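# Examination of the molecular architecture
Below are the chains, spelled out letter by letter.
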Amino acid sequence: MIVPRTGQRAVPRDGHRVHHFGDLSLRWRILLSQLPLTVSAVLVTLAVLLIDPHLATGSPHLLGGLAGILALTVAAAAVPWQRFPPIAYWVIPLADFVAIAPFWAAARYALDGMSMLVAFPVFWLAWSGIRPVLGITLGVLGSAAVTWWPYLTGGAPFPDATADSNLGRPVIVPVLTLALAIAASVLTRSMDRQSGELQASLDYAATQNRMLHTVVETSEVGILVVDRDGHDVLMNQAQRRMHFIGVPSGMDDGAEADLHLFESDGTTPVPPAERPVRRALQGESFRGEIYAIGIDGSQQHMSVSAAPMVDERGEFDGTVVIFQNVTDLIGAIRAREQFVAEVTHEFRTPLTSIIGYLDLALEAERDPAVGRYLTTSVRNAERLLTLVTNLLDARASTSAITVQDVDLARLARYSLDSAAVHAQRGGVDVVSRLPDQLEVLADPVKLGQVIDNLLSNAIKYTPRGGTVTVSLRRVPAGESDEGKDWAEVRIQDTGIGMTDQERADLFTNYYRAEHVRQAAIPGTGLGLAISQGFVRQHGGDITVTSQRRVGSTFTVRIPVDGRGEEHHC
């Protein structure tokens with residue numbers, strides 16, 4: 001019986017077939033609001049025919065009233081109400097009072113409760129939401145007119161004012177309908193307010209949904225959401241593109257098990273049971289796993305991450321799988337590795353030639369001073385060749401150490417001799433605090449490179465007038481938590497220092513601090529990472545303390561007995 005105050009047709013957002021009263025056209029809503037009265041009038045007429053056939057045929061009022069109600073029902077269905085102001089359809093409930101009056105007057109003695117018929121147009125006017133006070137007033141006046149109809153037309157004598165029971169008969173119905181109309185109006189206003197709040201919430205949710213949909217669909221990251229039964233709930237455009245790269249030729253689509261999916265090498269197929277979505281559906285959570293999808297020239301590499309969803313009971317409710325195309329990144333990494341490999345390979349030949357000619361010159365030279373210069377040059381050329389070789393080792397991560405008895409004090413002195421000219425030119429004072437001898441089991445080449453790297457860095461990052469101190473000591477088992485003897489090399493400088501954040505990233509490949517790059521201090525950012533790897537191969541570690549504009553201290557500790565000799569990079 002509710003007809004919204006607007007005459008506009010409500011159209012569902014999804015464009016599907018309407019299923020709700022508010023989604024119907026105004027004409028259909030008016031017709032459906034009229035039908036309860038029509039059905040009731042027909043049932044009343046049938047009941048009267050069964051109870052008192054003479055009343056139905058002998059009185060024109062009953063059939064006349066029924067004909068009026070039926071005519072109004074046809075009008076409700078036939079009139080194009082949307083062309084008129086919304087209040088225009090009030091003509092139907094108001095005219096219903098006119099049709100109900102003779103109908104009620106004819107049948108009120110045959111059936112009890114006939115006065116309830118006026119409730120239909122009264123509710124309709126109150127529920128319409130158009131001018132509530134006027135609607136309630138017209139409803140009460142209409143119900144009063146219906147109940148007074150027999151007395152006004154002479155069909156019944158006027159009630160005796162002296163008999164309270166007679167006077168109350170035509171008065172009680174308008175009073176009751178007034179109460180019903182007010183209740184209906186209040187209920188309608190409350191429902192309108194709740195409906196408005198609900199509609200605002202729905203509009204907000206729809207806006208958020210559109211925003212989320214736009215973000216998901218425009219994202220270059222593939223997103224797949226799967227429910228607990230393995231059905232796709234969401235797959236954005238980026239993931240569709242990635243998915244179809246792996247679909248075999250001749251197929252329009254395919255499940256994950258059908259796709260061309262490989263390990264990160266691009267050639268080893270991934271078994272169906274180990275594929276990422278299959279694992280994610282088993283509740284696994286993982287991050288950044290690299291796979292290759294597709295074959296031939298269309299193959300792409302993707303980083304896959306997955307996280308399960310849980311319901312309010314904490315049970316598995318599906319999974320979210322993220323696919324990020326990292327083909328360009330992997331290509332850049334491979335290009336960098338190829339560049340390092342090619343450059344270091346090209347360096348080897350001239351360095352080998354330089355070392356050979358220096359050896360020949362050293363054999364022919366008789367001047368002791370020149371001989372020392374040549375010896376230092378040969379040693380540094382050999383170390384440079386070792387550095388070049390280790391660039392390849394760092395790329396391939398296959399370099400192993402070969403331990404032997406090494407005098408760590410002698411290695412440190414060699415490094416100091418090599419760095420002397422560099423320190424002198426930079427105006428840096430190098431202080432040595434070395435014992436006469438400290439024997440350890442270690443790889444002399446790699447350990448010498450570690451000391452060279454740390455000492456070279458200390459001099460490079462210490463301004464003119466600063467000091468670099470190199471000290472070496474043996475830490476007995478009683479002073480260490482590990483219960484074994486350690487050899488400790490400490491290189492302390494009064495250089496530019498670094499922040500805590502810079503110190504945290506210090507041993508990362510190719511990392512260089514921002515202020516170092518801005519100062520254009522040369523370097524590759526590989527030395528410390530390689531040095532840390534070498535020290536850890538020996539079973540030790542490098543620690544660093546530093547303060548910006550105060551200086552840094554690097555401490556290298558390795559076991560004296562060489563227990564780390566089985567480690568590899």
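Residues numbered from 1 in each chain as written. Predicted model: local features only at pLDDT ≥ 70, side-chain atom pairs only at ≥ 80, totals over all residues. Heavy atoms only, no water.

Strands sit in the order E2-E1-E6-E5-E4-E3 across an open sheet of six strands; the sheet is antiparallel. On the outer flanks of this sheet lie strand E2 (232-235) and strand E3 (261-262), each paired with one strand and no other. Where strand E1 (residues 222-226) meets E2, three bridges bridge the pair, whose relative direction is antiparallel. Each residue of the ladder has a partner; that of valine 226, found in E2, is aspartate 232. Strands in contact with helix H8 (residues 237-245) are E1, E2, strand E4 (286-293), strand E5 (300-310) and strand E6 (316-325); relative to E1, the strand with the most contacts, it is inclined by about 90 degrees. (Pairing = 2+ DSSP bridges. Helix = DSSP H or I, 4+ residues; strand = E, 2+ residues; numbered from the N terminus. Contact = heavy atoms within 4.5 Å. Axes fitted to C-alpha atoms, helices over the stretch in contact; angles between N-to-C directions.)

Running from N to C, helix H1 (residues 26-51) and helix H4 (residues 91-107) point in directions that differ by 15 degrees, and their axes come no closer than 12 Å. Classified by the angle their axes make, H1 and H4 are roughly parallel. H1 and H4 meet at a crossing whose hand is left-handed. Counting all contacts with H1, which are made through Gln34, Leu37, Ala41, Val44, Thr45 and Val48, the residues of H4 involved are Ile92, Asp96, Ile100, Phe103 and Ala107. Grouping the amino acids of the contact of H1 with H4 by side-chain chemistry returns eight nonpolar, two polar and one charged. (Parallel < 35°, antiparallel > 145°, perpendicular 65-115°, else oblique. Left-handed = near helix turned anticlockwise from the far one by under 90°. Nonpolar A, V, L, I, M, F, W, Y, C, P; charged D, E, K, R; others polar.)

Looking now at the pattern of salt bridges. Under the definition given, this model contains 14 salt bridges. Between aspartate 317 and arginine 228 there is a salt bridge whose closest N-O contact spans 2.7 Å. On the criterion of sequence distance, the pair formed by aspartate 317 in strand E6 and arginine 228 in the loop between E1 and E2 is long-range, its members being 89 residues apart. Residue classification places aspartate 317 among the partly exposed positions, given a relative accessible area of 30%. For arginine 228, a relative accessible area of 37% puts it in the partly exposed group. A salt bridge links arginine 536 to aspartate 541, with the nearest nitrogen and oxygen atoms 3.4 Å apart. (Salt bridge = Lys/Arg side-chain N within 4 Å of Asp/Glu carboxyl O. Buried < 20%, exposed > 50% of the residue type's maximum accessible area, 1.4 Å probe, protein only.)

Between helix H3 (residues 60-78) and H4, whose axes approach to 7 Å, the crossing angle comes to 160 degrees. Between H3 and H4, the interaxial angle falls into the category roughly antiparallel. H3 and H4 meet at a crossing whose hand is left-handed. In contact with His61, Leu62, Gly65, Leu66, Gly68, Ile69, Leu72, Ala75 and Ala76 of H3, H4 contributes Ile92, Ala95, Asp96, Ala99, Ile100, Pro102, Phe103, Ala106 and Ala107. Class assignment of the residues belonging to the contact of H3 with H4 gives a composition of 14 nonpolar, three polar and one charged.

Before going further, it helps to spend a moment on a nonpolar patch on the surface. On the surface, Trp28, Leu32, Leu35, Val39, Val42, Leu43, Leu46, Leu49 and Leu70 cluster together into a nonpolar patch covering about 750 Å² of accessible area. At eight residues, the largest contribution of residues to the nonpolar patch is made by H1. With respect to the helices, strands and loops of the structure, tryptophan 28 is situated in helix H1. The exposure class of tryptophan 28 is exposed, given its relative accessible area of 51%. (Patch = residues over 30% accessible without salt bridge, like charges linked within 9 Å, V, L, I, M, F, W, Y side chains within 5 Å. Areas by Shrake-Rupley, 256 points an atom, 1.4 Å probe, with all protein chains shown as cover.)

Before going further, it helps to examine the nonpolar core. Counting residues in hydrophobic clusters, the biggest one holds 39 residues, and the most contacted among them are Leu408, Val440, Leu455, Ile491, Phe554, Val556 and Ile558. For this core, the secondary-structure elements that each account for two or more residues are helix H12 (408-426), strand E9 (439-442), helix H13 (444-460), strand E10 (467-475), strand E11 (486-493), helix H16 (527-537), strand E12 (541-547) and strand E13 (551-559). Filtering out sequence-adjacent residues up to four positions away, phenylalanine 554 remains in contact with Leu454, Val489, Arg490, Ile491, Met498, Leu506, Phe507, Leu528, Ile542, Thr543 and Val544. Core analysis: the second largest hydrophobic core is formed by 37 residues, Ala41, Val48, Phe103 and Leu125 among them. (Core = buried A, V, L, I, M, F, W, Y, C linked by side-chain atoms within 4.5 Å.)

Taken together, the five strands give an open sheet; going across it, the order is E8-E10-E11-E13-E12, and neighbouring strands pair in mixed fashion. A strand with exactly one partner marks an edge of an open sheet, and here the two such strands are strand E8 (429-433) and E12. Here the strands of the sheet are splayed against their neighbours by 15 degrees on average, with no regard to which way each runs. Bridge count between E10 and E11: eight bridges; the pairing is antiparallel. Along E11, the bridge assignment pairs threonine 469 with glutamine 492. The sheet contacts of H13 involve E8, E10, E11 and E13, and relative to E11 the element is tilted by about 20 degrees. Contacts between H16 and the sheet are confined to E12 and E13, with E12 contributing the most and set at about 135 degrees to the helix.

At arginine 549, a residue that is not glycine, the phi angle is positive and equals roughly 65 degrees. Note on placement: arginine 549 falls in the loop between E12 and E13.

A few words on the confidence of the model for the protein. On average, residues of the protein score 78 in pLDDT, and 79% of them reach the 70 mark or higher. Between residues 1-18, whose pLDDT stays under 50, and residues either more than four places distant or in other chains, the model counts 46 contacts. Every residue in residues 564-569 scores below 50 in pLDDT, and together they form 19 contacts with partners more than four places removed in sequence or on other chains. (pLDDT = per-residue confidence, 0-100.)

Moving on, we come to the packing of aromatic side chains. Under the counting rule described, the total for this entry stands at zero aromatic pairs. Sitting above the plane of the phenylalanine 286 ring, arginine 279 keeps its charged end 4.3 Å from the centroid. Positioned above the aromatic ring of tryptophan 486 is the side chain of arginine 557, whose terminal nitrogen or guanidinium carbon lies 5.1 Å from the ring centre. (Phe/Tyr/Trp six-rings, centres within 6.5 Å; stacked < 30°, edge-to-face > 60°. Lys NZ or Arg CZ within 6 Å of the ring centre and 35° of its normal.)

The terminal C-alpha atoms of H13 lie 24 Å apart, and with 17 residues this matches the ideal 24 Å at 1.5 Å per residue to within 8%. For H13, a buried count of 13 out of 17 residues is recorded, marking the element as mostly surrounded by other parts of the structure. Where H13 starts, the residue carrying a side-chain oxygen 3.2 Å from the main-chain nitrogen of lysine 446 turns out to be aspartate 443. (Expected span 1.5 Å × (residues − 1). Polar contact = N/O pair within 3.5 Å; in protein donor to acceptor, adjacent residues only side chain to side chain.)

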